[in-house]
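Single-letter residue listing:
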Amino acid sequence: MNTIAVIGAGTMGNGIAHVFAQKGFKVNLIDIAPASLDKGIATIGKNLDRMIAKEIIAEQDKQNTLGNITGFTDLVKGVANTGLVVEAATENLDIKLGIFKKLDEVCDDETILATNTSSISITQIAAVTNRPEKVIGMHFMNPVPIMRLVEIIRGYSTSDEVTQTIMELSKQLGKTPTEVNDYPGFVANRILMPMINEAIETLYNGVAGVQEIDTVMKLGMAHPMGPLQLADFIGLDVCLSILNVMYNGFKNPKYAPCPLLVNMVMAGKLGIKSGEGFYDYSESRKADKVSSQFQ
């Protein structure tokens, strides 16, 4: 499995491409928008520069990594002759189902199809293909080059062989793969998102302010980043999407998104990506620069 295709050049996609390419894999990075593709590859270059500045890698390592990445705007050409496709498109069920239907049509029969979804059912995604045994969840954590965990999610029909292949492949990337079963939110977000949602509820109910809530969790619970800042970093739209998947999947009111979160997303206040969320990330008012090292 020498060539990997990654669909989506956004935050997660370029991070996934980065780690594969740095470990010597040839990576076809695919995005339908040329500007997004260029931005994704530029982001990889900037992150490699940070690693050089920290003396983690040498300049030649950067050149080798970038040399392993080829950009594509055509999905069919991008996935040709690849052993693994990792989908890292936006967290939207219809978009993912459309991508996997197309991948099933154009990929070689032996190609493994993985999704970086953070909450959507692997079984549901696999059901639109004729190879459900070769569909698996490969949920990287953000920022991908730094975070070691990869949740490996088995769909109902995912084979033992494919699971073992992806577990071993994750180890080759220097990651720690952890196998989990296919239920809404898996493990990471089933625990994380209710905590973030409760922090938003605490703000919504006027118990404390943004800085105060995050300070309590950082200093009192030893979290490296407060839950509201973390929500900004993840993207409030992504948090809302994951909570909705769990709420719809379990029909349990404890997963219902806080009205404040819903309103902020409707207003376009999505966190770092939009320049404002619980904190202000505009150039004139950098309320918190802790996460800027990962951008």
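Everything numeric here is computed off the predicted structure, so don't read it as measured data.

Caption draft 1: Spatial organisation of the nonpolar core. Among the nonpolar cores identified, the biggest contains 34 residues, and Ile16, Phe20, Leu84, Val86, Met138, Phe140 and Ile166 are the most heavily contacted of them. Per-element accounting of this core gives the leading share, six residues, to helix 1 (residues 11–22). Discounting chain neighbours no more than four positions away, the residues touching Phe140 are Met12, Ile16, Val19, Phe20, Asn116, Leu149, Val150 and Leu173. In this structure, Leu236, Met246, Leu270 and Phe278 belong to the second largest nonpolar core, which totals 27 residues.

Caption draft 2: Structural view of the packing of helix 8 (residues 188–204) against helix 11 (residues 236–250). Put simply, helix 8 and helix 11 touch, their axes get as near as 10 Å, and they point 115° apart. Taken together, the axis directions place helix 8 and helix 11 in an arrangement best described as roughly perpendicular. Crossing of helix 8 over helix 11 shows left-handed handedness. Across the interface between the two elements, Asn189, Arg190, Met193, Pro194 and Asn197 from helix 8 touch Cys239, Ile242, Leu243, Met246 and Phe250 from helix 11. Taken together, the residues that form the contact of helix 8 with helix 11 break down as seven nonpolar, two polar and one charged.

Caption draft 3: Focus on a positive patch on the surface. There is a patch of like positive charges on the surface, built from Lys39, Lys46, Arg50 and Lys54. Inspection of the secondary structure puts Lys54 in the loop between helix 2 (34–53) and helix 3 (59–67).

Caption draft 4: Seen up close, the UniProt feature "site: Important for catalytic activity" (unreviewed entry) in the protein chain. The UniProt entry lists His139 under the feature "site: Important for catalytic activity" (unreviewed entry), expressed in the numbering used here. Contact partners of His139, with chain neighbours within four places excluded, come to Thr115, Asn116, Thr117, Ser118, Leu149, Val150, Glu151, Ile153 and Asn189. Among the polar contacts listed, one links the side chain of His139 to the side chain of Glu151, at a separation of 2.8 Å.

Calculation notes
Residues numbered from 1 in each chain as written. Predicted model: local features only at pLDDT ≥ 70, side-chain atom pairs only at ≥ 80, totals over all residues. Heavy atoms only, no water. Core = buried A, V, L, I, M, F, W, Y, C linked by side-chain atoms within 4.5 Å. Buried < 20%, exposed > 50% of the residue type's maximum accessible area, 1.4 Å probe, protein only. Helix = DSSP H or I, 4+ residues; strand = E, 2+ residues; numbered from the N terminus. Contact = heavy atoms within 4.5 Å. Axes fitted to C-alpha atoms, helices over the stretch in contact; angles between N-to-C directions. Parallel < 35°, antiparallel > 145°, perpendicular 65-115°, else oblique. Left-handed = near helix turned anticlockwise from the far one by under 90°. Nonpolar A, V, L, I, M, F, W, Y, C, P; charged D, E, K, R; others polar. Patch = residues over 30% accessible without salt bridge, like charges linked within 9 Å, V, L, I, M, F, W, Y side chains within 5 Å. Areas by Shrake-Rupley, 256 points an atom, 1.4 Å probe, with all protein chains shown as cover. Salt bridge = Lys/Arg side-chain N within 4 Å of Asp/Glu carboxyl O. Lys, Arg positive; Asp, Glu negative; His and termini not counted. Charge placed at Lys NZ, Arg CZ, Asp CG, Glu CD. UniProt positions renumbered as here; feature names shortened; annotations may be inferred. Polar contact = N/O pair within 3.5 Å; in protein donor to acceptor, adjacent residues only side chain to side chain.

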